[in-house]
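Read off the chains here:
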Amino acid sequence: MIKLNRPTYLVPFFRALAVGVFALPMQLQAQAPSVQTMTVQKQEPLALSLEEAVRLALEKSPTLQASLLGIDAARYEELKNRGSLLPKVNLTGSYAYMLKKQKVYFGDIGSSPMGSFLDDGIEMGQTHSLQGGVVAGMPLVAPQLWASLKLNKEAVALAEEKALGSKIDLVAEVKKAYMAVLLAQESQRVLEGNYANAEANYKNISDKYNQGLVAEYDKLRMETQMKNVLPNVVAARTAVQLAEAKLKVVMGLPLETPISVTERLSDYKNHVYRHLPQEATTSLRDNSTLRQLDRQGRQLDAALHAKRMAYLPTLSLNFNYQYSFAANRFRLDERKRWSPFSTIGVSLDVPIYNGGARGNDVRATEVQIRQLAAQRIATERQLQLGLMNSTREQKNALEQFVSAQDAVTTAERGRSIAEVRYKSGAGTLLELNDAETALLQARLNYSQAIYNYMVAVYALEALQGEGLPNEAK
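Residues numbered from 1 in each chain as written. Predicted model: local features only at pLDDT ≥ 70, side-chain atom pairs only at ≥ 80, totals over all residues. Heavy atoms only, no water.

Draft legend 1. Geometry of helix 10 (residues 429-463). Taking 1.5 Å as the rise per residue, helix 10 with 35 residues should run 51 Å; its terminal C-alpha atoms sit 51 Å apart, in good agreement. Downstream of helix 10 by one or two residues, Gly465 has phi in the positive range, about 70°. (Helix = DSSP H or I, 4+ residues; strand = E, 2+ residues; numbered from the N terminus. Expected span 1.5 Å × (residues − 1).)

Draft legend 2. Looking closely at the pairing of strand 5 (residues 128-141). The sheet contact formed by strand 2 (residues 88-97) and strand 5 spans 10 bridges and is antiparallel. Residue pairing in the sheet places Ala96 in a bridge with Ser129 of strand 5. The sheet contact formed by strand 5 and strand 7 (residues 314-327) spans 13 bridges and is antiparallel. Counterpart to His128 in the pairing with strand 7 is Ala327. (Pairing = 2+ DSSP bridges.)

Draft legend 3. Highlighting the confidence of the model for the protein. Averaged over all residues, the pLDDT of the protein is 84; the fraction at 70 or higher stands at 86%. The spread of mean pLDDT over the elements of the protein runs between helix 2 (residues 35-40), the lowest at 41, and helix 8 (residues 288-308), the highest at 94. Overall, residues 1-9 carries pLDDT values under 50, and its contacts beyond four positions in sequence, including any with other chains, amount to 13 contacts. Every residue in residues 21-41 is under pLDDT 50, and counting partners more than four places away or in other chains gives 23 contacts. (pLDDT = per-residue confidence, 0-100. Contact = heavy atoms within 4.5 Å.)

Draft legend 4. Spatial organisation of the sheet that holds strand 7. Strand order across the open sheet formed by 4 strands is 2-5-7-8, with antiparallel pairing between neighbours. Taken across any chain shown, the strands that pair with only one partner, and hence form the sheet edges, are strand 2 and strand 8 (338-349). Direction aside, neighbouring strands of the sheet carry axes that sit 20° apart on average. (Axes fitted to C-alpha atoms, helices over the stretch in contact; angles between N-to-C directions.)

Draft legend 5. How the structure looks around the side chain of Lys175. For Lys175, the position within the fold is in helix 6 (residues 143-210). Take Lys175: its relative accessible area is 12%, and that puts it in the buried class. Excluding anything up to four places from it in sequence, Lys175 contacts Leu50, Val54, Tyr458, Glu461 and Gly467. (Buried < 20%, exposed > 50% of the residue type's maximum accessible area, 1.4 Å probe, protein only.)

Draft legend 6. Local environment of the pattern of salt bridges. Overall, the coordinates contain 21 salt bridges when judged by the stated rule. With a shortest N-O distance of 3.5 Å, Arg443 and Glu412 are connected by a salt bridge. Highlighted residues: Arg443 in helix 10 and Glu412 in helix 9 (residues 357-424), separated in sequence by 31 residues. The exposure class assigned to Arg443 is partly exposed, which follows from its relative accessible area of 30%. Glu431 is the salt-bridge partner of Arg421, the closest N and O atoms lying 3.5 Å from each other. Separated by 10 residues along the polypeptide, Arg421 in helix 9 and Glu431 in helix 10 bring together distant segments of the chain. Take Glu431: its relative accessible area is 34%, and that puts it in the partly exposed class. Each of the salt bridges in this network shares a partner with another, and the network as a whole consists of Glu52, Arg55 and Glu59. (Salt bridge = Lys/Arg side-chain N within 4 Å of Asp/Glu carboxyl O.)

Draft legend 7. Geometry of the packing of aromatic side chains. If you walk through the whole model with that rule in mind, you get 6 aromatic pairs. A centroid spacing of 6.0 Å and a plane angle of 70° characterise the contact between Tyr321 and Tyr323, whose relative ring orientation is edge-to-face. Classification of Tyr323 as partly exposed rests on a relative accessible area of 35%. When the ring of Phe325 is compared with that of Phe330, the centres are 6.3 Å apart and the planes differ by 90°; the resulting orientation is edge-to-face. With a relative accessible area of 1%, Phe325 lands in the buried category. When its relative accessible area of 42% is taken as the criterion, Phe330 is described as partly exposed. An aromatic cluster of at least three residues, connected via ring pairs, comprises Tyr95, Tyr321, Tyr323, Phe325, Phe330 and Trp338. Here the basic side chain of Arg358 rests over the ring of Tyr311, its NZ or CZ set 5.8 Å away from the ring centre. (Phe/Tyr/Trp six-rings, centres within 6.5 Å; stacked < 30°, edge-to-face > 60°. Lys NZ or Arg CZ within 6 Å of the ring centre and 35° of its normal.)

Draft legend 8. Main features of the nonpolar core. Of all hydrophobic cores here, the largest spans 53 residues; its most connected members are Val174, Tyr178, Met179, Leu247, Met251 and Tyr268. When contributions to this core are tallied by element, the ones reaching two or more residues are helix 3 (50-60), helix 6, helix 7 (216-251), strand 6 (259-261), helix 9 and helix 10. Looking at this core, the element that brings in the most residues is helix 6, giving 13 residues. Core analysis: the next-biggest nonpolar cluster, separate from the first, contains 19 residues, Val190, Val214, Val233 and Leu429 among them. (Core = buried A, V, L, I, M, F, W, Y, C linked by side-chain atoms within 4.5 Å.)

Draft legend 9. A look at helix 6. With 68 residues, helix 6 extends 100 Å from end C-alpha to end C-alpha; this agrees with the ideal 100 Å at 1.5 Å per step. Of the residues one or two after helix 6, Gly212 is the one with positive phi, at around 80°.

Pasting the structure below:
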């Protein structure tokens, strides 16, 4: 790992930037360039605004597509169980070749007036037997099957709620990743501007040194300051690349797709005062995680009802129409050997005892219901803590924003004064360098404050089940 030599005042900034930018999946490191990569890099960059990034993520994210497919799977499962109420019709057929025929005896040996003929027994059956026909049946009274249909409806509703939750989480992650790109780019611009200013100051000092107007110490100090800024510029450029890569991963775009964001972090400074947190309006009523737990509770209630219906009898209708063929010679054209038969009837199944399996199944489901209730209480408390934390972070970011905004104004004024003093000979190079450093830190803090505030807004929206565009609801 390369260790960059940067001033200590930038350590907190780059640590905060790393939390939002460098948390990439490990699989990104294993991807190698390919011919397709080289081809795609020649394409025009994909221009992205925040709304466009969210729209593309909702269209292309494989994680979201998997959740949406879960809805289809639940609906097909519902249709399958509904089909159990309809008649089932099957074609059946069988063939048997008799290897050894069974003998039938009449009375005791020697007691038959037919003598030894009957004492040897009579062979029964035909060498070839063939059967084919239609078997049909349908339930008439099936309480457990009827109850399971409601269970399937709850499964569909749960799948839909999970898909909605995936959308909310995806939109929040895309917005955070997009803000991380804007923060990285703004940091790069600030550091590159600082480096350009340091380079210009160094050239100016060098010229004065060559003319004998300043001491060598001033030249060396300005050169050191310029070289100390360069590693930070390199780190900022790397941070931009990784932030863009994370945004692509969250959106579901290939990593080789070139992108270009069309906004700047400063465009969101006016959003700060539009999303002031109001504790009276913050609620977990529409939180997707809690709604999913509620759906799971309804699903368990339906499952408990279906399992209790297993104690009730079931009544079924069945129909059977068969053709049979039996002969010692396998000649299917012998019409007299073909004989049809058919039956129709009902069957009643009354459950009496099965080793306590039904009772234990009901009790196990009741335990699951109580377990889910306890899990919901714990989850709700955790979410309330997250809600309070997000609100507090939003307020802290607002205070940081106001302070950083004033600090930038003050630092710009201080830099101007220090520059005038130094040019007039009333100030020292140390004062000018301190003013440059203070301005750099103020601008970085200002950008970080906007980023922190918007991330807190998006986290709060996700907790409240909000943030989705209208077409995605």
